[in-house]
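Next come the chains, spelled out residue by residue.
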Amino acid sequence: MSRLVCADFDEFEEALYGVQGRYVLRSRQQRDWRLRVVELNGVALMFGREGAGTVYSGVGLPGFFNIFLPLNRHECTVVNGHPFDRRLLAWMVPDAMFHIDASQPATWMTVAMSCELVLRWAKVHEDEFDPSILSRNLVNVAQRDIAPLIWLARRLFRIDQQAPEDLHNPAAEHAARTELMDRVFRTLLPLATPGRTPRARLDHQQILRKALELLASIKEAPVHMEDLCVAAGASERTLRNVFNRYLGMSPHRYLMMHRLHAIRGAILQARPGDTITDICAQYGVWDFGRFAGHYRTYFGELPSQSLHGRLRTAGALSLHSIIR
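These numbers come from a predicted model, not from an experiment.

S.K.: Any chance you could explain the environment of alanine 153 here in plain terms?
M.R.: Within the secondary structure layout, alanine 153 lies in helix α3 (residues 147-162). The exposure class of alanine 153 is buried, given its relative accessible area of 0%. Leave out the neighbours within four places in its chain, and alanine 153 touches Leu45, Phe47 and Met109.

Right, here's the structure in full:
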């Protein structure tokens, strides 16, 4: 994680991720300027604390889409002429000018996402996604409660500060990036309105078979929604309908359970020297505390207890073979 504490706004201004612009102070400086950034290989999460009331005029950099939301003093913030409240967010597209007027020192959060990743997400969700948002700045009412997005962002900052090696393992980083982008789009961006032309009806049983075959074929690596959609040749909405109809749960929940079982299987095959961290890293786990809670809920013990039991059993079998 990048942490920056600035005496004035110039250094703060230069460190902003995904945008380029200029601050004009509209009040005297009241505190220092602080910036925290977590980079997830194509997605950057940023918390900023400004030291004065400001007007910021900027433009989205060519390679990035951005979302912006204040974390306090919402009533003092105006984005592109729209007064803010706790239900609103701003969406900025590449190469488009925007203006943020904060009459009081504000704290805010942004997520900058590479164009490549955004377009990939849109393709997987093509029968839900409104492509018009890719070409214009917006200030919209959030589609869902914003609080879970902020909670996820704080979890990412906490893990990045306390155990960065867990978060920035490639598989874990991919999983965290995917979770963050899903939360951004599901919570904050407008999806297509009813009445869009539906895709041709697909064979639901064939879709389910292809998705489950992919899960069965991958033993020691994380599987994500995008992987299932590509394997099944279907959008995420179609997969949700199929999984809920035939398996009684969403594909996200099924993937979570599949991962739990896969990790438990790997733990029960562990060798001396293997650690829970090493095993879980293969499957994209980035928040070990949350994962351990899910694991105990399903299996009645912590992952570490499963591992200790496995190693005790392996040691007893090894000793027995020596005695014989």
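S.K.: How should I be thinking about the nonpolar core in this particular structure?
M.R.: Nonpolar side chains tend to gather and get buried jointly when the protein is soluble and globular. Formed by 42 residues in total, the largest nonpolar core has its most connected members in Met109, Met113 and Leu180. Contributing elements (two or more residues each) for this core: β4 (43-49), β6 (64-70), β9 (88-92), β11 (107-114), α2 (115-124), α3 and α5 (170-188). Top contributing element to this core by residue count: α5, with 8 residues. When sequence neighbours within four positions are dropped, the list of residues in contact with leucine 180 reads Leu40, Val43, Leu45, Val111, Leu149, Leu152 and Leu156. Within the second largest apolar cluster, 26 residues are counted, among which are Tyr56, Phe68, Leu88 and Phe98.

S.K.: Where do I start with the confidence of the model for the protein chain in this structure?
M.R.: Low pLDDT means the predicted coordinates in that region are not meant to be read closely. Summing up the model confidence of the protein chain, the mean pLDDT is 87 and the portion of residues at 70 or higher is 91%. Across the protein chain, the secondary-structure element scoring lowest on mean pLDDT is helix α12 (residues 303-323), at 65, and the one scoring highest is β11, at 96. Segment residues 193-200: pLDDT under 50, and 9 contacts once partners within four positions in sequence are set aside and those in other chains are kept. Contacts of residues 316-320 to residues separated by more than four positions or lying in other chains number 0 contacts, the stretch itself having pLDDT below 50.

S.K.: Explanation requested: the packing of aromatic side chains in the structure shown.
M.R.: Between two aromatic rings, the relevant description is the distance of the centres plus the angle of the planes. Counted according to the given criterion, the structure contains 19 aromatic pairs. Ring geometry for phenylalanine 129 and phenylalanine 185: centres 5.8 Å apart, planes at 70°, overall edge-to-face. Of this pair, phenylalanine 129 sits in the loop between α2 and β12 (138-141) while phenylalanine 185 sits in helix α5, and the two are 56 residues apart along the sequence. Here phenylalanine 129 matches phenylalanine 185 in class, with each residue buried. Grouped by ring-pair contacts, the aromatic residues Phe9, Phe12, Tyr23, Trp33, Tyr56, Phe68, Phe84, Phe98 and Trp108 constitute a single cluster. Directly above the ring of phenylalanine 157 sits arginine 36, whose terminal nitrogen or CZ lies 4.6 Å from the centroid. Directly above the aromatic system of phenylalanine 299 lies the positively charged group of arginine 264, at a separation of 4.8 Å from the ring centroid.

How each quantity is defined
- Residues numbered from 1 in each chain as written.
- Predicted model: local features only at pLDDT ≥ 70, side-chain atom pairs only at ≥ 80, totals over all residues.
- Heavy atoms only, no water.
- Helix = DSSP H or I, 4+ residues; strand = E, 2+ residues; numbered from the N terminus.
- Buried < 20%, exposed > 50% of the residue type's maximum accessible area, 1.4 Å probe, protein only.
- Contact = heavy atoms within 4.5 Å.
- Core = buried A, V, L, I, M, F, W, Y, C linked by side-chain atoms within 4.5 Å.
- pLDDT = per-residue confidence, 0-100.
- Phe/Tyr/Trp six-rings, centres within 6.5 Å; stacked < 30°, edge-to-face > 60°.
- Lys NZ or Arg CZ within 6 Å of the ring centre and 35° of its normal.

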